[in-house]
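Report on the structure
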Amino acid sequence: MPSRALQLVHDARPLARTRALRRLTRSLDTLVALDHDAGATAARVGMLLRPALADPALLEPRHCEPWDHRYRPHLVHVHPTGRYSIVALVWRPGQATAIHDHRCWCVVGVWRGVERETNYDLHDEDGGTYLVPRSAALATPGQVSVLVPPDEDIHRVENAGDDIAISVHVYGGDIGLLGSSINREFAEELVRTDQPPRDPPVSWRARDERY
């Protein structure tokens, strides 16, 4: 028999309740049981998430509520053994994440509104580091992006529209236990836009091992 503490953790995991999310989680359960590598799993999750985003009843109304002071995460579903989690992020206009990367694979799809993702390269200079914006792109409903660490995936996401934006995030871990998919945040002061970098990008993970 499992301990009562473990049973309480299990019982506390939210489960998908809308018909569209139940269809999605059944497919995701089958996928994660196949034990593909992270890259293959995330790519297939993207293919499963994309059609689900077309359903206007994908999320419950309570998972569409924003906060005034920052973007709001709603933990919507966690796999029974924590193999993946589904989180809805709700953004008022102008709200944004910190610059960050991820601790597990992540598949993001826009359900409502418009989001902007800005990607950054890390550069090393005299033992210090700085960030240079590499690209920026707008994402509209139905569009999906895939991030798979340990590839360098330093980015920021923000609501780029005039209305509330809602995106659905599938993470390769138990966010209820981890608390967040964010691995590391990078200070705004590290961003440089005034001059082109003199050296090629570096991996912050490799850099941390050196210093």
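For the structure itself, look to the data block above.
A brief structural summary. Predicted, not measured: the structure shown is a model, and the values here were computed from it.

**Observations concerning the overall build of the chain**
Helices and strands together make up the secondary structure of the chain, namely five helices and 10 strands. The C-alpha radius of gyration of the chain comes to 18 Å, within 12% of the 17 Å expected for a compact globule of 211 residues. For the C-alpha atoms alone, the extent of the chain along its principal axes is close to 55 × 45 × 30 Å. Relative to its full complement of 211 residues, the chain shows a buried share of 44%. Surface accessibility of the chain: about 11200 Å² in total, with carbon and sulfur atoms responsible for 52%. For the chain, the distance from the average position of its 25 positive side-chain charges to the average position of its 29 negative side-chain charges is 8 Å.

**Description of helix 3 (residues 38–52)**
Its 15 residues place the ends of helix 3 21 Å apart at the C-alpha level, agreeing with the 21 Å of an ideal helix rising 1.5 Å per residue. In the core, the buried residues of helix 3 are packed alongside helix 2 (19–32), strand 4 (106–112), strand 7 (144–147) and strand 9 (165–171). Put simply, D37 is the residue that caps the front of helix 3, since its side-chain oxygen is 3.0 Å from the backbone nitrogen of G39.

**Here we look at the pattern of salt bridges**
Evaluated as defined, the whole model comprises nine salt bridges. As a salt-bridge pair, R92 and D68 come within 3.1 Å of each other at their nearest N and O atoms. Note that R92 is positioned in the loop between strand 2 (85–91) and strand 3 (99–102) and D68 in the loop between helix 3 and strand 1 (72–78), a separation of 24 residues in sequence. As a salt-bridge pair, E188 and R156 come within 2.7 Å of each other at their nearest N and O atoms. You can see E188 sitting in the loop between strand 10 (182–186) and helix 5 (204–210) and its partner R156 sitting in strand 8 (residues 155–159), a full 32 residues away along the chain. Judged by relative accessible area, which is 43%, E188 ranks as partly exposed. Residues joined in a network through salt bridges with shared partners are E125, R192 and R198.

**Quick word on the environment of A20**
The residue A20 is located in helix 2 in this model. For A20, a relative accessible area of 6% translates into the label buried. Once the C-alpha coordinates of A20 and A52 are considered, the two residues, 32 residues apart in sequence, prove to be 6.6 Å apart.

**Details of the packing of aromatic side chains**
Counted under the stated rule, the structure contains one aromatic pair. When the ring of Y71 is compared with that of W91, the centres are 4.8 Å apart and the planes differ by 25°; the resulting orientation is stacked. Of this pair, Y71 sits in the loop between helix 3 and strand 1 while W91 sits in strand 2, and the two are 20 residues apart along the sequence. One exposure class covers both Y71 and W91, and it is buried.

**So, the pairing of strand 9**
Within strand 9, seven of the seven residues are buried, leaving the element largely enclosed by the surrounding structure. Of the two faces of strand 9, the one holding A165, S167, H169 and Y171 and the one holding I166, V168 and V170 are both buried throughout. By the bridge criterion, seven bridges tie strand 2 to strand 9 in an arrangement that is antiparallel. Residue pairing for strand 9: I86 is matched across the bridge by V170. Here six bridges tie strand 4 to strand 9, and the two strands are oriented antiparallel to one another. Residue pairing in the sheet places R112 in a bridge with I166 of strand 9.

What counts and what doesn't
Residues numbered from 1 in each chain as written. Predicted model: local features only at pLDDT ≥ 70, side-chain atom pairs only at ≥ 80, totals over all residues. Heavy atoms only, no water. Helix = DSSP H or I, 4+ residues; strand = E, 2+ residues; numbered from the N terminus. Rg over C-alpha atoms; globule rule 2.2 N^0.38 Å. Buried < 20%, exposed > 50% of the residue type's maximum accessible area, 1.4 Å probe, protein only. Areas by Shrake-Rupley, 256 points an atom, 1.4 Å probe, with all protein chains shown as cover. Lys, Arg positive; Asp, Glu negative; His and termini not counted. Charge placed at Lys NZ, Arg CZ, Asp CG, Glu CD. Expected span 1.5 Å × (residues − 1). Contact = heavy atoms within 4.5 Å. Polar contact = N/O pair within 3.5 Å; in protein donor to acceptor, adjacent residues only side chain to side chain. Salt bridge = Lys/Arg side-chain N within 4 Å of Asp/Glu carboxyl O. Phe/Tyr/Trp six-rings, centres within 6.5 Å; stacked < 30°, edge-to-face > 60°. Pairing = 2+ DSSP bridges.

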